[in-house]
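Okay, here's what each chain looks like letter by letter:
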There are 2 protein chains.
Amino acid sequence: MSPSPDLATYLDDLRHTVDAALAHALPEGMAPALIIDAMRHGLMSGGKRLRPCLTLMTAEAVAPLAGTTVPRARLLAIPSACAVEMIHSYSLVHDDLPAMDNDILRRGRPTTHVVYGDGVAVLAGDGLLTEAFGLLAASPSPVAPSGAPEAPADRRLRVLSVLAVAAGAIGMVGGQTIDLQAAGRVPSHPAQPLSERELRDMHARKTGALIRASAVAGAMITGVEDSTIAAVDQYANELGLAFQIIDDVLDVEGSDADLGKTAGKDAASGKPSYAALHGIDESRRLAAACVERAKATLHAAGLEGRLTALADWSLTRTR
Amino acid sequence: MSPSPDLATYLDDLRHTVDAALAHALPEGMAPALIIDAMRHGLMSGGKRLRPCLTLMTAEAVAPLAGTTVPRARLLAIPSACAVEMIHSYSLVHDDLPAMDNDILRRGRPTTHVVYGDGVAVLAGDGLLTEAFGLLAASPSPVAPSGAPEAPADRRLRVLSVLAVAAGAIGMVGGQTIDLQAAGRVPSHPAQPLSERELRDMHARKTGALIRASAVAGAMITGVEDSTIAAVDQYANELGLAFQIIDDVLDVEGSDADLGKTAGKDAASGKPSYAALHGIDESRRLAAACVERAKATLHAAGLEGRLTALADWSLTRTR
């Protein structure tokens, strides 16, 4: 199911803002054209932009509590939103490599290494990761609309630190390591199926950490107080888990055209998944329980609204 | 030739400071042991630590001009020095991959992908790059000695930005892309020998940019004025070029044992080099001219001392 008309319009608007900002994220003209092309291939591939939209959404949702306006909160959050999407894109480019998950198709298009070769794909990912931190540190940020307000330096450093922890060895890099190891892709480490606890830990690192950091970054950059940031973090933790579980369900149920990737690939490769562990119906129940907890957190923090609608939509989406 | 006794003692002291700080750089205990092991393999491989030593040296050299003490300047610069070395290490781990330069030996030890497999090696590099930015943004930084002073947030952001530009598509990532392309490792881009101008551009990005940023970071973190930072940048530009030229010469002249890598490999692989373009004698003359310009810059900026000695040593070193 598509999001409700109101949420859909809002998400389209956010996505447009993100895409317009990302168009300025790469150091075109000053870098070799080939690497910019490869980076853009990874970055501009028509994804849902869930993470950066979440960053803008949380910034706008907490704006009244932070004593600022909704438009100003969005402007403050644009560099963080772009950094989040670039980190996400880098991770997809590297995860798709033959040395990792060996995917040749992503969102219906050939993956970066298929087009540019493995070496340039490694570099394109490296470049996206580096420029993500670079555009947060630059003053003014290349992605900020001209004349946009800039968050204070200490707040920007704090956001940068949150994103680095989520992306690094504790988070995404650690999660992908566990995944590779479980799949038997590490020499002298035999493949070993993950227990449910280990599966949760792997997902929490590999995808949950950045989703949480995306939401936290948006709230944090407005200067809202820590208790609200903590509520946003808790909300995103449940939302991320719901998204992950439904992803697993859609991988079993969906068609290639809906998903823009090879349906059933995860199941066929013996990758651990919620759907495989619990079956479709129980998985959907688990996701619904996450969404209930997410909504209760919003309610307690006085943040109900579009974040609530997003949580509901996470259950009914078909791609 | 070894550095003079005075410079050698000083460099040993700096290296000891860097290694002690780097021991705290990885999020041990909170990340999967496998990825920490692989990151440490890349980071703790007994290199010269030229770049982080340069960061500490420039911080100490400009301390009087910045109105601070030498010990305080060193403490301020330790996170930047560690970040620089982690960025350097990440780039070596990725450059050694089969998809890139395909090196199995580095500083006399098997490279990261040989020990941990290609997938984990990609992730180890990703992790080192991410944690480099993370430790600059964290407050307190995990690598800072307890109770060490912390530079103001705006200055730390500025350093972070300088390092990101040097590491990103304009700098190291761009330089390695040019190198891969020249070597014919990019599908649908035939190998094409580089002109001397293109060779200089490739080196300036691939190795020069981080050497300059290493020196600039040390000066910048002390809060010294921009004209002094510019002089340090110019010095490091000449120093980096001298190092590169002498590296090329040593690759032709040196033995495996001296270099800790396969001597003559660059020449054998038809990689462009100063030695190949100009011959040994003319290359040494070019390097000497760089060192003269580097020393003149120091003289004009009132920065003579150990930085001068380092420049002289760059010509006489044998490894």
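Given the structure is predicted, the values throughout are model-derived calculations rather than measurements. (Residues numbered from 1 in each chain as written. Chains lettered and ligands numbered in written order. Predicted model: local features only at pLDDT ≥ 70, side-chain atom pairs only at ≥ 80, totals over all residues.)

Scanning chain A from terminus to terminus reveals 15 helices and 2 strands. A globule of 319 residues ought to have a C-alpha radius of gyration of about 20 Å, and chain A, at 19 Å, matches this closely. In terms of principal-axis extent, the alpha carbons of chain A reach across some 50 × 50 × 35 Å. In chain A, which comprises 319 residues, the share counted as buried stands at 56%. Here the analysis covers contacts within chain A between residues at least 6 apart in sequence; of these, 74% occur between residues at least 24 apart. (Helix = DSSP H or I, 4+ residues; strand = E, 2+ residues; numbered from the N terminus. Rg over C-alpha atoms; globule rule 2.2 N^0.38 Å. Buried ≥ 20, exposed ≤ 12 C-beta atoms within 10 Å, placed from the backbone. Contact = placed C-beta atoms within 7 Å.)

Our next topic: the interface of chain B and chain A. With 52 residues of chain B at the contact, the number on the chain A side is 52 residues. Among the elements of the structure, helix H2 (33-43), helix H6 (118-137), helix H7 (153-167) and helix H8 (172-182) of chain B are those that each provide at least two residues to the side of chain B that touches chain A. Looking at the side of chain B that touches chain A element by element, the count peaks at 13 residues for H6 of chain B. Classifying every residue of the side of chain B that touches chain A gives 33 nonpolar, 13 polar and 6 charged. (Nonpolar A, V, L, I, M, F, W, Y, C, P; charged D, E, K, R; others polar.)

This part covers the relation of the copies chain B and chain A. In this structure, two copies of a chain are linked by a rotation about an axis accompanied by a shift along it. Laying chain B over chain A is done by rotating through 180° and shifting 0.0 Å along the axis; what remains is an RMSD of 0.0 Å. The operation mapping one copy onto its partner corresponds to a two-fold rotation axis. No C-alpha of chain B lies nearer the rotation axis than that of Ala153 of chain B, which sits 2.7 Å from it. Take the interface residues of chain B: 100% of them recur as interface residues in chain A, which is what a same-surface contact looks like. (Least-squares fit on C-alpha atoms with pLDDT ≥ 70 in both.)

Every buried residue of helix H2 (residues 33-43) of chain A is accounted for by Ile35, Ile36, Ala38, Met39, His41, Gly42 and Leu43 of chain A. Buried residues belonging to H2 of chain A abut helix H1 (5-22), helix H4 (70-95), helix H5 (112-116) and helix H6 (118-137) of chain A together with H8 of chain B.

Residue and element names in this part refer to chain A. Here H1 is 18 residues long and its end C-alpha atoms lie 25 Å apart, about the 26 Å a rise of 1.5 Å per residue gives. Within the sequence span of H1, burial applies to Leu11, Leu14, Thr17, Val18, Ala21 and Leu22. One side of H1 holds all its buried residues, which, seen down the axis, span an arc of 130°. Facing away from the buried side of H1 by more than 90 degrees, the exposed set consists of Pro5, Thr9, Asp12, His16 and Ala20. Where H1 is buried, its residues touch H2, helix H3 (50-62) and H4. (Expected span 1.5 Å × (residues − 1). Arc of directions from axis to C-beta.)

Glancing now at the nonpolar core. Core analysis: the biggest nonpolar cluster contains 212 residues, and Cys82 and Leu163 of chain A together with Cys82 and Leu163 of chain B have the highest contact counts within it. When sequence neighbours within four positions are dropped, the list of residues in contact with Leu163 of chain B reads Ala83, Val84, Ile87, Ala213 and Ala217 of chain B. (Core = buried A, V, L, I, M, F, W, Y, C linked by C-beta atoms within 7 Å.)

The subject of this paragraph is the packing of H8 of chain B against helix H9 (residues 196-221) of chain B. All names here are of chain B. Closest axis-to-axis distance for the H8/H9 pair is 7 Å, and the angle between their directions is 145°. Crossing of H8 against H9: the hand is left-handed. Across the interface between the two elements, Met172, Gly174, Gly175, Gln176, Ile178 and Asp179 from H8 touch Met202, Arg205, Lys206, Ala209 and Leu210 from H9. Here the residues of the contact of H8 with H9 are counted per class, giving 5 nonpolar, 3 polar and 3 charged. (Axes fitted to C-alpha atoms, helices over the stretch in contact; angles between N-to-C directions. Left-handed = near helix turned anticlockwise from the far one by under 90°.)

Turning our eyes to something else, we now look at the environment of His88 of chain A. Residues and elements named next belong to chain A. Relative to the assigned elements, His88 resides in helix H4. In sequence terms His88 and Lys206 are 118 residues apart; their C-alpha atoms lie 10 Å from each other. Setting aside anything within four residues of it in sequence, one finds His88 in contact with Arg51 and Leu210.

What follows concerns the packing of H4 of chain A against helix H9 (residues 196-221) of chain A. All names here are of chain A. Axis separation between H4 and H9 bottoms out at 9 Å; the angle between their running directions is 165°. Judged by the inter-axis angle, H4 sits roughly antiparallel to H9. The hand of the H4/H9 crossing is right-handed. Residue-level inspection shows Leu76, Ala77, Ser80, Val84, Ile87 and His88 of H4 in contact with H9, the latter providing Leu210, Ser214, Ala217, Gly218 and Ile221. (Parallel < 35°, antiparallel > 145°, perpendicular 65-115°, else oblique.)

This next bit is on the confidence of the model for chain A. The share of residues in chain A with pLDDT of 70 or more is 94%, and the mean pLDDT across the chain is 92. Overall fold confidence (pTM) sits at 0.95, and the ipTM for the predicted complex is 0.95. (pLDDT = per-residue confidence, 0-100.)

Below, the discussion takes up the environment of Val291 of chain B. Residue and element names in this part refer to chain B. Inspection of the secondary structure puts Val291 in helix H14 (residues 280-301). Taking the C-alpha atoms as reference points, Val291 and Glu198, 93 residues apart in sequence, are found 22 Å from one another. Those residues in contact with Val291, other than ones at most four positions away along the chain, are Glu238, Ala242, Ala311, Asp312, Ser314 and Leu315.

Before going further, it helps to spend a moment on unusual backbone geometry. Residues and elements named next belong to chain A. Going from Ser139 to Pro140, the amide bond is cis rather than trans, its omega being -5°. Note on placement: Pro140 falls in the loop between H6 and helix H7 (153-167). One non-glycine residue, Asn102, lies in the positive phi region at around 55°. Here Asn102 lies in the loop between H4 and strand S1 (105-106).

Another point: the environment of Arg317 of chain A. Residues and elements named next belong to chain A. Among the secondary structure elements, Arg317 is positioned in the segment after helix H15 (306-316). On the neighbour-count criterion, Arg317 (15 C-beta atoms within 10 Å) is partly exposed. Along the chain, Arg317 and Pro3 lie 314 residues apart, while their C-alpha atoms are 7.3 Å from each other.

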